[in-house]
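Here are the chains, one letter per residue:
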Amino acid sequence: MAPSSSSSLQIAMYPWFALGHITSFLHLSNKLAERGHKIFFLLPTKTRTRFEALNRHRDLIFFIPIPVPQIDGLPAGAETTADVPFQSHPLLLTAMDETKPVIETHLRNLKPQFVFYDFSHWLPLLARDLGIKSLHYCTISPAAVGYLLRPPNSNLKAEKRSLTASELMKPPINFPDSSIRLKAFEARGFAEFGEGRDSFTERMSLCFGECDMISFKTCVEMEGPYCRYIEQQFKKPVILAGPVVPESPKSRLEDNFARILDGFSPNTLVFCSFGSECRLEKDQFQELLLGLELTGRPFLVATKPLIGAESSPIESAFPEGFEDRTRGRGFVTGEWVQQQLILDHPSVGCFVTHCGSGSLSEAMVTDCQLVLLPNAGDQIINARLMGGDLKVGVEVEKREEDGKFTREGVCEAVRVVMEEGSVVGEMVRENHRKWREFVLSVGVEDQYVKEFVHKLQALLDT
Ligand SMILES: C[C@@H]1O[C@H](OP(=O)(O)OP(=O)(O)OC[C@H]2O[C@@H](n3ccc(=O)[nH]c3=O)[C@H](O)[C@@H]2O)[C@H](O)[C@H](O)[C@H]1O
């Protein structure tokens, strides 16, 4: 018998097998556990160790290991999008779909009142059969969902076709007024995604269409119009978890990085990270490094480029003479770093980000200047939102003909935000400061989470 709506909630969470999604669900779990609610966090077995440090309430957040089925074509032991190239993501989706019987067993035993999910389109239907309410907790921004997914009632299905590049260059009908547009090369990228995109679009339409409620990690002040647009398009209540400000992990910054960062004056170092999935082609990786070299500033890059064999050392992809020229001020690693702790370090003055939603949440609460260098998917829309609507960062220019960025473009974007007296730099600094103050102001987060829980409890009474 479900407890009355005034007592604490019991929620199962099953995020998509991507570190950015798991991180986002865990940040929300911390906020809910802080208020006494119990979370059963289902995640791939081996991946759990990456997240122990982020679990701040081990008495209320219980990690439940889910073995990832071995699918033909998936490397042995692969569990998340960080373990496979982008082209293999559909195989990982299949692996997640094949965990359905295991998830059903857990839900029958755990008997949560809710299940939160994002890409497992079969979960809302399963939950309904088990008398469990389902919430699609969408880590992708409402602006990106609205622009890229297009309304479910569009005539595309009837015409059995995908959106063309020219259709994708313009926002959908009734989309809120904004600076969000796709450039020709970006629209072509989405259109060429083709049937992979169609089945993904189909999957997402089910994820949004079958749940009891939709939720985003954002606030009305930032993305209210886009949330209302989603509500209208999917005819489903949208509840907001608020900014879900990530707390810093309990761990300390590793000595080798502490030593590097302690060696630089406050707000001087450029930190660059592209999340857990992005793998730059070698030519673009070199343009990035040469661009940071051109700035004349100290920099730390944490990203794993696509280079020959996985076992090749990252130095094999460095531009000619780069190491000698940047010794003592340029640091590059292909390993997983403690991004939140690095961003918190006083020497970091600029964050070059791929605009993944987790990284942007973390960026918003720092005082780093932001350079936006989206790689794919919703990151592009996030960059337009941050650089165009909110004006809290500057986007790196890319060539129209092939969508590639250049060393000069990287250097110019860093210069604009970091140079003393730069008008644009001061504008984005001030806008970022205002949003940071809003997001961190007393009561904002608490009010959003309270309202979020209240709406969940109200759903139990329906
Ligand atoms: C929603 C989905 O998130 C995806 O994940 P991705 O990992 O790329 O990026 P983030 O969301 O920033 O998530 C990345 C997370 O990994 C952390 N991190 C990353 C690198 C590192 O070396 N160390 C770290 O601690 C970082 O702090 C953040 O919390 C994609 O963007 C996708 O476009 C988006 O729809």
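Residues numbered from 1 in each chain as written. Predicted model: local features only at pLDDT ≥ 70, side-chain atom pairs only at ≥ 80, totals over all residues. Heavy atoms only, no water.

Focus on helix α11 (residues 282-295)
- Its 14 residues give α11 an end-to-end C-alpha distance of 20 Å, which sits within 8% of 20 Å, the value for a rise of 1.5 Å per residue.
- In terms of residue burial, α11 counts as a mostly covered element, since ten of its 14 residues are buried.
- Inspection of α11 places Q284, F285, E287, L288, L289, L290, G291, L292, E293 and T295 among the buried residues, and these make up the whole buried set.
- At its buried positions, α11 is contacted by β8 (269-273), β9 (299-302), α12 (322-326), β10 (330-333) and α16 (407-418).
- Of the residues one or two after α11, G296 is the one with positive phi, at around 75°. (Helix = DSSP H or I, 4+ residues; strand = E, 2+ residues; numbered from the N terminus. Expected span 1.5 Å × (residues − 1). Buried < 20%, exposed > 50% of the residue type's maximum accessible area, 1.4 Å probe, protein only. Contact = heavy atoms within 4.5 Å.)

Focus: the sheet that holds strand β4 (residues 114-117)
- On the basis of which strands lie adjacent, the open sheet formed by seven strands has the order β3-β2-β1-β4-β5-β6-β7 and parallel pairing. Looking at strand neighbours, the two that pair on one side only are β3 (61-66) and β7 (238-240), the edges of this open sheet. The average angle at which neighbouring strand axes cross in this sheet is 25°, direction not considered.
- Bridge count between strand β6 (residues 213-216) and β7: three bridges; the pairing is parallel. Note on β7: the bridge partner recorded for I214 is V238.
- Against the sheet, helix α1 (residues 19-33) engages β1 (10-14), β2 (38-44), β3, β4 and β5 (133-138), with an angle of about 165° to β2. (Pairing = 2+ DSSP bridges. Axes fitted to C-alpha atoms, helices over the stretch in contact; angles between N-to-C directions.)

Some details on the site of the ligand
- Within the structure, the ligand sits among 20 residues, and S276, V337, S359, E362 and D378 are positioned closest to it.
- A distance of 3.4 Å separates an oxygen atom of the ligand from a polar backbone atom of S357.
- Here D378 contributes a side-chain N or O atom positioned 2.7 Å from an oxygen atom of the ligand.
- Protein chains shield 94% of the accessible area of the ligand, which is 670 Å² for the free molecule.
- Elements represented by at least two residues in the shell around the ligand include exactly α1, α14 (357-364) and α15 (378-389).
- It is α14 that contributes the most residues to the shell around the ligand, four residues altogether.
- Within the shell around the ligand, the residues separate by chemical class into three nonpolar, 14 polar and three charged. (Near = heavy atom within 4 Å. Polar contact = N/O pair within 3.5 Å; in protein donor to acceptor, adjacent residues only side chain to side chain. Areas by Shrake-Rupley, 256 points an atom, 1.4 Å probe, with all protein chains shown as cover. Nonpolar A, V, L, I, M, F, W, Y, C, P; charged D, E, K, R; others polar.)

Some remarks on the pairing of strand β11 (residues 348-353)
- For β11, the buried fraction is high: six of the six residues fall into the buried class.
- Judged from the five bridges that link them, β8 and β11 form a sheet pairing that is parallel. Bridging across to β11, F271 finds its partner in F351.
- The sheet contact formed by β11 and strand β12 (residues 369-372) spans four bridges and is parallel. When the sheet's bridge partners are listed, V352 is paired in β12 with V371.
- For the segment spanning β11, α14 and β12, crossover handedness is right-handed. (Right-handed = clockwise from strand over helix to strand, strands pointing away.)

Remarks on the packing of aromatic side chains
- As enumerated under the stated definition, the model contains 19 aromatic pairs in all.
- Ring geometry for W16 versus F17: centroids 6.1 Å apart, planes at 10°, classification stacked.
- Relative accessible area serves as the criterion here: at 4%, W16 is assigned to the buried category.
- With 6.0 Å between their ring centres and 40° between their planes, F299 and F322 make a pair best called tilted. With F299 in strand β9 and F322 in helix α12, this residue pair connects regions lying 23 residues apart in the sequence. Each member of the pair, F299 as well as F322, carries the same accessibility label: buried. (Phe/Tyr/Trp six-rings, centres within 6.5 Å; stacked < 30°, edge-to-face > 60°.)

Describing the pattern of salt bridges
- Per the counting criterion, the structure on display carries 26 salt bridges.
- Between E104 and R108 there is a salt bridge, and its shortest N-O distance comes to 2.8 Å. Linking E104 with R108, this pair stays in helix α3 (residues 100-110), spanning four residues, or about one helical turn.
- Taking relative accessible area as the criterion, E104 reaches 23% and is therefore assigned partly exposed. (Salt bridge = Lys/Arg side-chain N within 4 Å of Asp/Glu carboxyl O.)

Considering the side chain of T333
- Along the polypeptide, T333 turns up in strand β10.
- Relative accessible area serves as the criterion here: at 13%, T333 is assigned to the buried category.
- Within polar-contact distance, the side chain of T333 engages the backbone nitrogen of E335 at 2.9 Å.
- Excluding anything up to four places from it in sequence, T333 contacts F257, V301, A302, T303 and I314.

A closer look at the sheet that holds β8
- Judged by pairing direction, the sheet is parallel, and its six strands sit side by side in the order β10-β9-β8-β11-β12-β13 without closing on themselves. If you trace the sheet from one side to the other, it starts and ends with β10 and β13 (393-395), each paired once. Across the sheet, the axes of successive neighbouring strands diverge by a mean angle of 15°, strand direction being ignored.
- The strands that α15 touches are β12 and β13; relative to β13, the one it contacts most, it runs at about 125°.

Some details on the packing of α1 against helix α18 (residues 444-460)
- The geometry of α1 relative to α18 is characterised by a closest axis approach of 11 Å and an angle of 85° between their N-to-C directions. Between α1 and α18, the angle is such that the two are roughly perpendicular. Facing L28, K31 and L32 of α1, the residues of α18 in contact are E445, V449, F452 and V453.
- Here the residues of the contact of α1 with α18 are counted per class, giving five nonpolar, no polar and two charged. (Parallel < 35°, antiparallel > 145°, perpendicular 65-115°, else oblique.)

Brief notes about the packing of helix α5 (residues 142-149) against helix α9 (residues 220-234)
- At a minimum axis separation of 8 Å, α5 and α9 run at an interaxial angle of 45°. One finds that α5 runs oblique with respect to α9. For the crossing formed where α5 meets α9, the hand is left-handed. From α5, P142, A143, V145, G146 and L149 reach across to α9, where they touch E223, Y226, C227, Y229, I230 and F234.
- Here the residues of the contact of α5 with α9 sort into nine nonpolar, one polar and one charged. (Left-handed = near helix turned anticlockwise from the far one by under 90°.)

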